[in-house]
Amino acid sequence: MAGVEIFSRINVGKETVKGTAVARTRRFYGVAAGNFDIGDVYNFHETENRGQRVRLSARTPTLLREVPTLKIQDSDGIAYDDLVLPFSVGCKGGLTGVGAGADKVWTITPSMTATNSLESMSVDVGDDVQNWVLDYGQLSRWMLSTTFGEKTHFEGDLFAQQATKGAASAPAENTGPIIPSDLWTVKFASTVAGLTGASVNANFLRTWSFEYLNGLKPRWYQDGNTFFGQSVETDIVGTLQMEVESLALGVSEFVDKQRAGTLDCVRLKAQGPVLGGTFYSLQIDIPLYWDAVKPLASVDDGVNLYTVTGRLAYDVTNTFSMVLTNSLAAIP
């Protein structure tokens, strides 16, 4: 019987040693179809002149390199609990959830001047016919985005060392709450420290997306293997895109600050249901410079909208960071 979409799976688990597969202890409810590539690169020796019209011969094709990839993309929204491992392999390693109660606080502040020691994960991807186990999985890019009136979404570009046929793990179902898009609020301040005392801007934010490229690159060597030997961290790039109502705030916050070359700081926060003594929550603080401001970019139900792009910036007192509160006490 052919494999069916309903039995497709993606399971994940943090590795202790990079490249040594572990049991995949957590489900990721993602889209498998069209997002997985085994990535074996072969040479078929088509430039050999054999005095024949058919270039391919009986010579066995040569495996040159193994480059498995998987796009990590949620199928129906992302939950607060789902983000610990993706942030650990795509933003900052060595994370720990802090708190004595049910609510655990994860503070994620990637270094802009030193290595971030990103974790790696093992991944199941497959269906009821065949499962593939990926080891040394890391994200080189990830993005959070919102669909107005729906859910928050997560996607990321994962590279891995090898894709091996193997049995899937069977982790328990996830039950944590999904993040509705309408829960997000926005604040602006001249410094990251000033965001705490800033007021939420109501009746303004419509949609947003934040894309983060951590500079992580797989590196291959002549070392007796066709898979990569290690990953290396290079430069970080972050881009925030927003769609907002056509208010005077759009002019003063975006147009005026772009023209003046003024650093701005943005806080996006989604507070969810009660958890322990606090709430499920994700807070994102982004220092940036505005670019590509488009006044009157579009119309929604007769109301004008602005769009704007912000580019992640850095100085000593203003750094990008996230604070995630969820129910997980450890990286799964």
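Higher on the page you've got the structure.
In what follows, the accompanying structure is described.

In this section: the environment of leucine 312. On the secondary structure map, leucine 312 appears in strand β19 (residues 303-312). Sequence spacing of leucine 312 and isoleucine 286 is 26 residues, and the spatial spacing of their C-alpha atoms is 6.7 Å. When sequence neighbours within four positions are dropped, the list of residues in contact with leucine 312 reads Met112, Tyr212, Ile236, Gly238, Ile286, Pro287, Leu288 and Phe320.

Once that is clear, we can look at the nonpolar core. Among the nonpolar cores identified, the biggest contains 61 residues, and Phe87, Trp142, Leu144, Trp208, Leu240, Met242 and Phe320 are the most heavily contacted of them. Top element by residues in this core is strand β18 (residues 278-300). It accounts for seven residues. Setting aside its immediate chain neighbours within four residues, tryptophan 142 contacts Phe87, Gly90, Cys91, Phe154, Glu155, Gly156, Phe210, Glu211, Tyr212, Phe320 and Met322. In terms of nonpolar packing, the next biggest core, distinct from the first, is built from five residues, Leu118, Tyr136, Leu216 and Phe228 among them.

What follows concerns helix α2 (residues 248-260). With 13 residues, α2 extends 17 Å from end C-alpha to end C-alpha; this agrees with the ideal 18 Å at 1.5 Å per step. Of all the positions in α2, only Gly250, Glu253, Phe254, Val255 and Lys257 are classed as buried. Of the surrounding secondary structure, the elements contacted by the buried residues of α2 are β12 (184-189), β16 (237-245), β17 (264-275), β18 and β19.

The next point concerns the pattern of salt bridges. Under the counting rule described, the total for this entry stands at 16 salt bridges. Of the charged contacts in the structure, one is a salt bridge between arginine 141 and aspartate 157, with a shortest N-O distance of 3.4 Å. Of this pair, arginine 141 sits in strand β9 (residues 131-146) while aspartate 157 sits in strand β10 (residues 152-159); the two residues are 16 residues apart in sequence, bridging distant segments of the chain. A relative accessible area of 13% places arginine 141 in the buried class. Given the relative accessible area of 29%, aspartate 157 is considered partly exposed. Aspartate 291 serves as the salt-bridge partner of arginine 311, at 2.9 Å between the closest nitrogen and oxygen. A residue pair is termed long-range when its members are at least 10 positions apart, and arginine 311 in strand β19 and aspartate 291 in strand β18 qualify at 20 residues. Judged by relative accessible area, which is 45%, arginine 311 ranks as partly exposed. Salt bridges here are not isolated pairs; linked through shared partners, they connect Lys71, Arg141, Glu155, Asp157 and Glu211.

Attention now goes to the packing of aromatic side chains. Within this structure, the stated rule accounts for 20 aromatic pairs. A ring pair is formed by phenylalanine 87 and phenylalanine 154, whose centres lie 6.5 Å apart and whose planes are at 75°; its orientation type is edge-to-face. On the criterion of sequence distance, the pair formed by phenylalanine 87 in helix α1 (residues 84-90) and phenylalanine 154 in strand β10 is long-range, its members being 67 residues apart. For phenylalanine 87, a relative accessible area of 0% corresponds to the buried category. The ring centre of phenylalanine 148 lies 3.9 Å from the NZ or CZ of arginine 206, which sits over that ring.

Bringing the environment of alanine 313 into the picture now. In this structure, alanine 313 sits in the loop between β19 and β20 (321-326). The buried category is assigned to alanine 313, whose relative accessible area is 12%. Taking the C-alpha atoms as reference, alanine 313 lies 36 Å from asparagine 174; in sequence the two are 139 residues apart. Not counting the four nearest positions on each side in its chain, alanine 313 is found in contact with Leu263, Pro287, Leu288, Tyr289 and Asn318.

The next point concerns the pairing of β16. Sheet topology note: the strand β13 (residues 205-213)/β16 ladder contains eight bridges and is antiparallel. Directly across from threonine 207, in β16, lies its bridge partner glutamate 243. As paired strands, β16 and β19 are joined by seven bridges and run antiparallel to one another. What sits directly across from methionine 242, in β19, is valine 308.

Thresholds applied
Residues numbered from 1 in each chain as written. Predicted model: local features only at pLDDT ≥ 70, side-chain atom pairs only at ≥ 80, totals over all residues. Heavy atoms only, no water. Helix = DSSP H or I, 4+ residues; strand = E, 2+ residues; numbered from the N terminus. Contact = heavy atoms within 4.5 Å. Core = buried A, V, L, I, M, F, W, Y, C linked by side-chain atoms within 4.5 Å. Buried < 20%, exposed > 50% of the residue type's maximum accessible area, 1.4 Å probe, protein only. Expected span 1.5 Å × (residues − 1). Salt bridge = Lys/Arg side-chain N within 4 Å of Asp/Glu carboxyl O. Phe/Tyr/Trp six-rings, centres within 6.5 Å; stacked < 30°, edge-to-face > 60°. Lys NZ or Arg CZ within 6 Å of the ring centre and 35° of its normal. Pairing = 2+ DSSP bridges.

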